[in-house]
Amino acid sequence: MQFKFTDEQLMIKQAARDFAQTELKPGVIERDEHQKFPAEQIKKLGELGFMGMMVAPQYGGSGMDAISYVLAMEEISKIDASAAVVLSVNNSLVCNGLEKFGSEFQKQKYLIPLAKGEKIGAFCLSEPEAGSDATSQRTTAIDMGDHYLLNGTKNWITNGGTASTYLVMAQTDAAKEHHGINALIVERGMDGFAIGAKENKMGVRGSDTHSIMFTDVKVPKENRIGEDGFGFKFAMHLLEGGRIGIAAQALGIASGAYELALQYSKERRAFGKTLADLQAIQFKLADMATEIEAARLLCLRAAWLKDHGHPYAQASSMAKLFASDVAMRATVEAVQIHGGYGYVREYHVERLMRDAKVTQIYEGTSEIQRIVISREVLK
């Protein structure tokens, strides 16, 4: 593994950092408070090539590697985790899924505008009774010959209210259990497609999270991804890559909180000294810096394995598990270092602490990651 970044990777990291500071930071508190989707900022990210970072240029993408993606995700997440999760879903799940497994027709019709950032995608797997247990799909896609008849409800859908393209997992043959699940491309506005109320979340409040309902939605057969029954394998493969994105998001939240705490400790005075002069604060900062660097290396290792065509399921789960736990510890300590000021919105760290929690939940809970890791190490 190469520990020195290329000039292109460093350029991407700097571009993401500059964008986060100049475009995302000014309104991030207001967007969090009012649950406002960063539509204007996401459009600009698309114009800069961040919505299809790893997609080949022939399909509208930027042709970057997974390491560049991690670097960009960290910088964006330091400032606005809500914008970062939009990038994560569009890149890791939707664009990656269409490029790797979609037909040429699907790539031309759906992937190109998604990779260019002209449209936004959503990934629909979770249900009211099928969250961590993704095999228990209640949404059905009945084979009607030239189309599927789609019925059911999907929960916790990021970009649910703003997406135009939805990748939906649905059960076609219950007798085959998870081998009977298909992945379908559903367009916003199809007859029978409906968007539920926006979820009022604790954190990442700027991201657009809704339930999606399907009532006798006719989905053309040409919109099925892969062979009949491929849906479950499709979803599990994408989640492996998705965990790299969420790990990078958690890393960014942690490092963003650390940077704020470090700066504050140098400015705030108590007992005739700056906080940074107090050994108790020095120990907190040392622990934060060490854990964040370890999380960063786990994220980069998973990305490197993906870039070089090696198996990365275990590595991505390790990165996601560790980075999300580090995000919680780092943000709690950042609030503690800020004292009473850490509890108010204008200092940003309380928001980062709320944002950190969801990284332990989505793309598979911490418990799910431990199951994935244990299965790999016990082989």
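Just so it is clear, the model here is predicted, and its values are computed rather than measured.

Cut-offs applied
Residues numbered from 1 in each chain as written. Predicted model: local features only at pLDDT ≥ 70, side-chain atom pairs only at ≥ 80, totals over all residues. Heavy atoms only, no water. Helix = DSSP H or I, 4+ residues; strand = E, 2+ residues; numbered from the N terminus. Rg over C-alpha atoms; globule rule 2.2 N^0.38 Å. Buried < 20%, exposed > 50% of the residue type's maximum accessible area, 1.4 Å probe, protein only. Contact = heavy atoms within 4.5 Å. Areas by Shrake-Rupley, 256 points an atom, 1.4 Å probe, with all protein chains shown as cover. Lys, Arg positive; Asp, Glu negative; His and termini not counted. Charge placed at Lys NZ, Arg CZ, Asp CG, Glu CD. Pairing = 2+ DSSP bridges. Core = buried A, V, L, I, M, F, W, Y, C linked by side-chain atoms within 4.5 Å. Axes fitted to C-alpha atoms, helices over the stretch in contact; angles between N-to-C directions. Parallel < 35°, antiparallel > 145°, perpendicular 65-115°, else oblique. Left-handed = near helix turned anticlockwise from the far one by under 90°. Nonpolar A, V, L, I, M, F, W, Y, C, P; charged D, E, K, R; others polar. Phe/Tyr/Trp six-rings, centres within 6.5 Å; stacked < 30°, edge-to-face > 60°.

(A) Main features of the overall build of the protein chain. Helix and strand counts for the protein chain come out as 11 helices and 10 strands. Against the globule reference of 21 Å for 379 residues, the protein chain gives a C-alpha radius of gyration of 21 Å, in line with a compact fold. Taking the principal axes of its C-alpha atoms as reference, the protein chain extends roughly 80 × 45 × 35 Å. The 379 residues of the protein chain split such that 55% are buried. The contacts of the protein chain with a sequence gap of at least 6 include a subset with a gap of at least 24, amounting to 74%. For the protein chain, the accessible area works out to roughly 16200 Å², and carbon and sulfur atoms hold 53% of it. Placing the 43 positive and 47 negative side-chain charges of the protein chain at their respective mean positions leaves the two points 3 Å apart.

(B) Spatial organisation of the pairing of strand β5 (residues 181-187). Of all seven residues in β5, six are buried, a share of seventy percent or more. As paired strands, strand β4 (residues 165-171) and β5 are joined by seven bridges and run antiparallel to one another. Residue pairing for β5: A170 is matched across the bridge by N182. Relative to strand β8 (residues 224-225), β5 runs antiparallel, the two sharing two bridges. Counterpart to A183 in the pairing with β8 is I225.

(C) Region of interest: the nonpolar core. With 64 residues, the main nonpolar core has I42, F50, I76, M288 and I337 as its most contacted residues. The biggest single contributor to this core is helix α7 (residues 231-267), with 11 residues. Core analysis: the next-biggest nonpolar cluster, separate from the first, contains 26 residues, C95, L111, A115 and L238 among them.

(D) Structural context of the packing of helix α1 (residues 7-24) against helix α4 (residues 66-79). At a minimum axis distance of 8 Å, the contact between α1 and α4 shows a crossing angle of 20°. Looking at the two axes, α1 sits roughly parallel to α4. Crossing angle aside, the handedness with which α1 passes α4 is right-handed. Where α1 abuts α4, its residues Q9, I12, K13, A16, R17, F19, A20, Q21 and L24 lie against I67, S68, L71, A72, E74, E75, I76, K78 and I79. A class-by-class count of the residues in the contact of α1 with α4 yields 10 nonpolar, three polar and five charged.

(E) The arrangement of the packing of aromatic side chains in detail. Throughout the structure, instances matching the rule amount to eight aromatic pairs. Arranged with centres 6.2 Å apart and planes meeting at 90°, the rings of Y264 and Y347 form a pair that is edge-to-face. With Y264 in helix α7 and Y347 in the loop between α9 (313-338) and α10 (349-358), the pair connects residues that are 83 residues apart, well separated along the chain. Take Y264: its relative accessible area is 9%, and that puts it in the buried class. On the basis of relative accessibility, which here comes to 26%, the residue Y347 falls in the partly exposed class. Members of the aromatic cluster, joined through ring pairs, are F101, F230 and F234.

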